[in-house]
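For reference, the chains in residue letters:
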Amino acid sequence: MPNSEFIRPLVQNLHAYVPGEQPKIKGLIKLNTNENPYPPSPRVLDAVKAAVDGRLRLYPNPTAQNLREKLAKLHGCAPENILVGNGSDEVLALAVRGFVEPSQNSSFVFRNSRPWKAVVQYFTPSYSLYPVLADIHGATRNPVELNPDFSLPSVADLRRSRKWDFDAALTFITTPNAPSGRGYTTEELKKICLAQKGIVVLDEAYVDFAEENAMELAGKLPHVLVARTFSKAYSLCFQRVGYFVGHPNLIAALDKIRDSYNVNGLGQIAAEATLDDLKYYRANFKKIITTREWLAAELTKANFRVLPSQTNFILAHPPEFAASEWLQKLRDKKILVRWFNAPEVRDYLRITIGTPEEAAALVKAVRQIV
Ligand SMILES: Cc1ncc(COP(=O)(O)O)c(C=O)c1O
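Residues numbered from 1 in each chain as written. Predicted model: local features only at pLDDT ≥ 70, side-chain atom pairs only at ≥ 80, totals over all residues. Heavy atoms only, no water.

Draft legend 1. Main features of the site of the ligand. The full set of residues close to the ligand is Gly87, Ser88, Asp89, Tyr127, Thr174, Asp203, Ala205, Tyr206, Thr229, Ser231, Lys232 and Arg240. A distance of 2.6 Å separates an oxygen atom of the ligand from a polar backbone atom of Ser88. Here an oxygen atom of the ligand and a side-chain polar atom of Arg240 are 2.7 Å apart. Calculation on the ligand without its partners gives an accessible area of 400 Å², and the protein chains cover 92% of this total. A majority-of-atoms criterion places the ligand in the largest pocket. (Near = heavy atom within 4 Å. Polar contact = N/O pair within 3.5 Å; in protein donor to acceptor, adjacent residues only side chain to side chain. Areas by Shrake-Rupley, 256 points an atom, 1.4 Å probe, with all protein chains shown as cover. 1 Å grid on protein atoms, 1.4 Å probe; cavity = no way out; pocket = protein on both sides within 12 Å on 5 of 7 lines; lining within 4 Å. Sits in = over half its atoms within 2 Å of the grid points.)

This is the structure in structure tokens:
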């Protein structure tokens, strides 16, 4: 029986987010989804194992109370400043649902004759989930190009461009940026935040590999939320834990619309144990940064143009062949990297920083290919 008429047209026409591949190929070196090459700390593994017993029949703490208390201590704020989600993807989606009106909704407010409550704004290239979240919600997207070197345009340039919407209900800024890897200073982020009339989310998924973080802005500015995740720097993609830090009024609003038990119990336990062993992770950040700099230098010697990175990946323009061909050539050698078929980054490969051994294998493969 044909039954597509039951599906909302918005959903029928939606281009869903495409996650990086997770192929099961033996011996594959997987450098495509910015996972951490190092396992969680032994204390985290012990804590998770110790929690796997008859208690699995119980619901987890609905507000992730212990985790929020530990995070509050880490960031020098109160638990009321923190909302934990099923990965930071969930808190990003909650921001769209909580702060943006669907475009069709006639109740939105006009400012300068624009439906400001309906606009989700972001730079391109940045995290490719933002447009999908806007589309799912039926909001209006406003993608605005970064400078050609992927640096942030100044507020004056944004005003001149006339494309940027200072009234947008919600603006996402990935900092440091993905997929370019470029880091932004707190000073330049602050200037953009101060110029915005709507909410600004600073998505700091990769910030532990960067020189600066902008967490102070979430404490000082009532319309700024900082998103963090345990996925990348804390080796915990599998458990799905991310969070927002921001003004208690914004956090309370999002708390009303999340699922009651949005953070699974083992995820809460793993994240709490992570915060008890930060020394282990900080040592890993250093190793990853050292490998990143080594890999960038080696690829540069092989005529790649490598952009400066403050993340656990690099964006590199390869020589001789198109980036899409490089993707296949490396795959043939059992090395998986990421290529995005988007105009600003089509000529680049995004390469996650693995272990020194994985980086050396990549360099060897590159030398064989060129
Ligand atoms: C910029 C950015 N933000 C957020 C996320 C989502 O992370 P999480 O695993 O916490 O949902 C990613 C993951 O790729 C990302 O690249």
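Draft legend 2. Main features of the packing of aromatic side chains. By the definition in use, this model includes 16 aromatic pairs. For the ring pair Tyr17 and Tyr127, a centre distance of 5.9 Å and an interplane angle of 75 degrees mean the geometry is edge-to-face. Taken together, the positions of Tyr17 in the loop between α1 (9-12) and β1 (29-30) and Tyr127 in the loop between β5 (119-124) and α5 (129-137) put the pair 110 residues apart, joining distant regions of the chain. Considering the side-chain rings of Phe230 and Tyr243, the 6.0 Å spacing of their centres and the 50 degrees angle between planes classify their relative orientation as tilted. Separated by 13 residues along the polypeptide, Phe230 in the loop between β9 (224-229) and β10 (241-245) and Tyr243 in strand β10 bring together distant segments of the chain. (Phe/Tyr/Trp six-rings, centres within 6.5 Å; stacked < 30°, edge-to-face > 60°. Helix = DSSP H or I, 4+ residues; strand = E, 2+ residues; numbered from the N terminus.)

Draft legend 3. Region of the structure containing the environment of Leu56. Considering the arrangement of structural elements, one finds Leu56 in the loop between α2 (42-51) and α3 (65-75). Between the C-alpha atoms of Leu56 and Leu266, which are 210 residues apart in sequence, the distance is 8.9 Å. Residues contacting Leu56, with those up to four places away along its chain left out, are Ala51 and Leu266. (Contact = heavy atoms within 4.5 Å.)

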